[in-house]
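Residues per chain are reported as follows:
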Amino acid sequence: MKKNKNTTNNTHQLITFFKFTVLSNAEDEVDAHREFIETNNLEIRGRIYLNEQGVNAQMSGKGTDGETYARWVEKRAPFNGMRISVYPYHEHGHPDLRLRVKPQLVQLENGTAHLPIADTSKRGTSLSPEEWHEMIEKANEDPSDKENPLLLDVRNGYEWDVGHFKGAQRPVQESFRETVETNVDDKIGPLADMPKDKPIMMYCTGGIRCDVYSTVLKEQGYENVMVLEGGVQAYFEKFGNEEKHAWDDHLFVFDNRLAMTPKGTPAADLGEKAATLECHVCKQKNAPPPHRNCPNVDCNRLFLVCEGCSEKLDGFCCHECTQATHVRPQLVNPGRYKKYASYDTPEARAARRGDGRQRRKQLRLRKRKLACAEYVIRTVLGDDEAASSSNESSSGTFAARTRSNNKVEENDDEEDDDDDEEKEEEEEEPEEWDETGKEKKIKPQNSKYLRLRMRLEEAIPFVQGDISPEKLVTAMETLNINRVGGRSAPERKKSLEESRG
């Protein structure tokens, strides 16, 4: 177990570890871990994922609670010999504890269950930090030389922006899960048309993504695949304090530090001296870590920005985003936003909310009216053509068709629904209609559908000769407006005829 020293007033520890193995029952393993934590009253937060292929953890603990737990895990037979990194810190690095079974220890397109990641012979050759340090210079020589290795960064693109090994190109993919396809892309992929015997040196933050991806490359026929054992964190532990290390700038990490120096301290501790990264806006190398999130909820870009551009754009990533209405308050300190729902004061919500939610609500209402209009045309008029058209686009009960029509809108609005001060009252569904077209009894609490149907039936005489759900709904709405305005029946009829003309 490697500990990293820090000069701050440390009361917590940040800990990472992973181990590929074979677990016969991951659920039972999770229960054992949870019982150990609860029995020993350990204060631990972070992400601890297990499945039949092993464990992956990024966590923090109060005092030495995290180290106590990590040592207990390492002593369990399936996890013997796993590497653990410990970084002293002054607070928790994660908001809560997520200890559970997860289908993938790392996210990769098409999953990882089919990959032999627990078999060391099927993974890339591990290089110690010392071996990696010796080979890195050769990797930076003439890349056209078949003997010189290709230096492959398999992290996310935004991680590369914070720092990387000298000579490594920015990853093609913005997300590691896309690695399998993007790296072999015949136009931009670094492995496109590459000989299968070309040496490949891969690295990532802690080593787990490299190990997983190396099995993919081996299955694709690449013969000489090498990975940095323990990832960049292990390299920092060995060479981070040396002036001639091969790393440029900082390391992106997945806790609330967001970036750390080669010496293992939070990059934010360097202050102005850390402002050496490329600004997303002005492209000058004057931006400090860590990343910021764009306040525009619909953008949410994780980006680096210098102080001047941040002030100029009020914290947004571009001018277009400054015009957005669906926004969160600008962060006082750089970092990631919490979920939109976390900013839950009524005043803040009212200030941030634009008219998008209202537009979507009106669209959903319009679709429900159209679905009901289809039913009225089909059952009341007995219009075979309308019935055929309705059956092509929908099936089942009116309620089922309504759910189908609104499926896309509901998916788009999931985030908004979480943020509402109050959930919209869920509408009761009407009783279904039988196959003969005769109406079953509608429950009293569903009378709003009955009223809607009656209004549509009233509007039918004004759309004769032009039967369509859209025309019927328009006629119904015009009748409602006239009714509210106190117009008589002849006046309502005249208004409808004028609107049709």
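Given the structure is predicted, the values throughout are model-derived calculations rather than measurements.

Trainee: Please clarify how the overall build of the chain should be interpreted in this entry.
Mentor: For the chain, the count of helices and strands is 18 helices and 18 strands. Burial analysis of the chain (501 residues in total) assigns 46% to the buried set. For the chain, restricting intrachain contacts to residue pairs at least 6 apart in sequence, the fraction spanning at least 24 positions comes to 66%. Carbon and sulfur atoms form 46% of the exposed surface of the chain, whose accessible area is close to 26600 Å².

Trainee: I tried to follow the packing of aromatic side chains on my own but got confused; where do I start?
Mentor: Two numbers describe a pair of aromatic rings. These are the distance of the centres and the angle of the planes. Counted under the stated rule, the structure contains 14 aromatic pairs. Measuring from centroid to centroid gives 6.3 Å for Phe-17 and Tyr-69, while their planes differ by 45°, and the two rings are tilted. Of this pair, Phe-17 sits in strand E2 (residues 12-20) while Tyr-69 is found in helix H2 (residues 65-75), placing the two residues 52 residues apart along the sequence. Judged by relative accessible area, which is 0%, Tyr-69 ranks as buried. Ring centres of Trp-132 and Tyr-203 lie 6.1 Å apart, and the angle between their planes is 75°; on these two criteria the pair is classed as edge-to-face. In this pair, Trp-132 is assigned in helix H3 (residues 129-139) and Tyr-203 in strand E10 (residues 200-203), connecting sequence segments 71 residues apart. By the burial criterion, Trp-132 is buried, and Tyr-203 matches it. Counting every residue linked through ring pairs, the aromatic cluster contains Trp-132, Phe-165, Tyr-203, Tyr-235, Phe-236, Phe-239 and Trp-247.

Trainee: Just to check I follow, could you spell out H3 for this structure?
Mentor: Along an α-helix, residues three or four apart share an orientation, since each turn contains 3.6 residues. Of all the residues in H3, the buried ones are Pro-129, Trp-132, Ile-136 and Ala-139. Each buried residue of H3 lies within a common arc of 65° when the element is viewed along its axis, so the set occupies one face. In H3, the exposed residues that point more than 90 degrees away from the buried face are Glu-134 and Glu-137. On its buried side, H3 packs onto strand E7 (125-127), strand E8 (150-153), strand E9 (163-165), E10, strand E11 (225-228) and helix H7 (231-239).

Trainee: Help me understand the pairing of E8, please; the structure alone is not making it clear to me.
Mentor: Remember that side chains alternate between the two faces of the sheet whenever the strand is regular. Judged by which residues are buried, E8 turns out to be covered on both faces: Leu-150 and Leu-152 on one side and Leu-151 and Asp-153 on the other are all buried. Relative to E10, E8 runs parallel, the two sharing four bridges. Bridging from a neighbouring strand, Asp-153 pairs with Tyr-203 of E10.

Trainee: Whenever I open this one, the confidence of the model for the chain confuses me. Can you help?
Mentor: Note: predicted coordinates in regions of low pLDDT should not be interpreted at a detailed level. Chain-level statistics for the chain give a pLDDT mean of 79 and a share of 75% at 70 or above. Note that residues 386-446 has pLDDT below 50 and, in this model, 84 contacts with residues that lie over four places away or in other chains.

Trainee: Looking at this structure, I do not really get the packing of H3 against H7. What am I missing?
Mentor: A pair of packed helices is captured by two measures, namely the crossing angle of their axes and the spacing between those axes. Direction vectors running N to C along H3 and H7 enclose 90°, while the axes themselves pass 9 Å from each other. As far as their axial angle goes, H7 and H3 are roughly perpendicular. On H7, the residues touching Pro-129, Glu-130, Trp-132 and His-133 of H3 are Ala-234, Tyr-235, Lys-238 and Phe-239. Looking at the contact of H3 with H7 residue by residue, the classes come out as five nonpolar, one polar and two charged.

Trainee: Is there a simple way to explain a negative patch on the surface in this structure?
Mentor: A surface patch of negative charge is lined by Glu-137, Glu-141, Asp-142, Asp-145 and Glu-147. Positionally, Glu-147 belongs in the loop between H3 and E8. On the accessibility criterion, Glu-147 (55% relative accessible area) is exposed.

Trainee: What am I meant to see in the sheet that holds E11 here?
Mentor: Within a sheet, each strand pairs with its neighbour through backbone hydrogen bonds, oriented either parallel or antiparallel. Ordered in space as E7-E11-E10-E8, the four strands form an open sheet in which the pairing is parallel. Looking along the sheet, the strands with just one partner apiece sit at the ends: E7 and E8. The average angle at which neighbouring strand axes cross in this sheet is 30°, direction not considered. Of the pairings in the sheet, the one linking E7 to E11 comprises three bridges and is parallel in character. Bridging across to E11, Ser-126 finds its partner in Val-227. Across the face of the sheet, H3 comes into contact with E7, E8, E10 and E11 while running at roughly 125° to E10.

Trainee: Please clarify how the nonpolar core should be interpreted in this entry.
Mentor: Core analysis: the biggest nonpolar cluster contains 27 residues, and Val-154, Leu-191, Met-202, Tyr-213 and Leu-217 have the highest contact counts within it. Listing elements by their share of this core, those giving two or more residues are E2, E8, E10, helix H6 (208-219) and E11. Here the element with the most residues in this core is H6; it accounts for six residues. Ranked by size, the runner-up nonpolar core spans 24 residues in total, among them Tyr-89, Trp-132, Ile-136 and Ala-139.

Trainee: Just to check I follow, could you spell out the pattern of salt bridges for this structure?
Mentor: Should their charged atoms come close, side chains of opposite charge can pair. In the structure shown here, the tally under the stated rule is 15 salt bridges. A salt bridge links Glu-109 to Arg-177, with the nearest nitrogen and oxygen atoms 3.8 Å apart. A residue pair is termed long-range when its members are at least 10 positions apart, and Glu-109 in the loop between strand E6 (97-101) and E7 and Arg-177 in the loop between E9 and helix H5 (179-182) qualify at 68 residues. Take Glu-109: its relative accessible area is 35%, and that puts it in the partly exposed class. Where Glu-159 meets Arg-209, a salt bridge forms, and the shortest distance between an N and an O atom there is 2.9 Å.

Trainee: Sorry if this is basic, but what is going on with unusual backbone geometry here?
Mentor: Generally, phi is negative for residues other than glycine and the peptide bonds are trans, each holding for most cases. With an omega of 0°, the peptide bond running from Pro-289 to Pro-290 counts as cis. Within the element layout of this structure, Pro-290 appears in the loop between strand E16 (285-287) and strand E17 (292-293). Positive phi, normally seen in glycine, also occurs at Asn-41, with a value near 55°. Within the secondary structure, Asn-41 is located in the loop between helix H1 (26-39) and strand E3 (44-51). In this structure Asn-41 comes out as exposed when scored by relative accessible area, which is 68%. You will see that Asp-314, though not glycine, has its phi angle at about 55°, which is positive.

The rules behind each value
Residues numbered from 1 in each chain as written. Predicted model: local features only at pLDDT ≥ 70, side-chain atom pairs only at ≥ 80, totals over all residues. Heavy atoms only, no water. Helix = DSSP H or I, 4+ residues; strand = E, 2+ residues; numbered from the N terminus. Buried < 20%, exposed > 50% of the residue type's maximum accessible area, 1.4 Å probe, protein only. Contact = heavy atoms within 4.5 Å. Areas by Shrake-Rupley, 256 points an atom, 1.4 Å probe, with all protein chains shown as cover. Phe/Tyr/Trp six-rings, centres within 6.5 Å; stacked < 30°, edge-to-face > 60°. Arc of directions from axis to C-beta. Pairing = 2+ DSSP bridges. pLDDT = per-residue confidence, 0-100. Axes fitted to C-alpha atoms, helices over the stretch in contact; angles between N-to-C directions. Parallel < 35°, antiparallel > 145°, perpendicular 65-115°, else oblique. Nonpolar A, V, L, I, M, F, W, Y, C, P; charged D, E, K, R; others polar. Patch = residues over 30% accessible without salt bridge, like charges linked within 9 Å, V, L, I, M, F, W, Y side chains within 5 Å. Salt bridge = Lys/Arg side-chain N within 4 Å of Asp/Glu carboxyl O. Lys, Arg positive; Asp, Glu negative; His and termini not counted. Charge placed at Lys NZ, Arg CZ, Asp CG, Glu CD. Core = buried A, V, L, I, M, F, W, Y, C linked by side-chain atoms within 4.5 Å.

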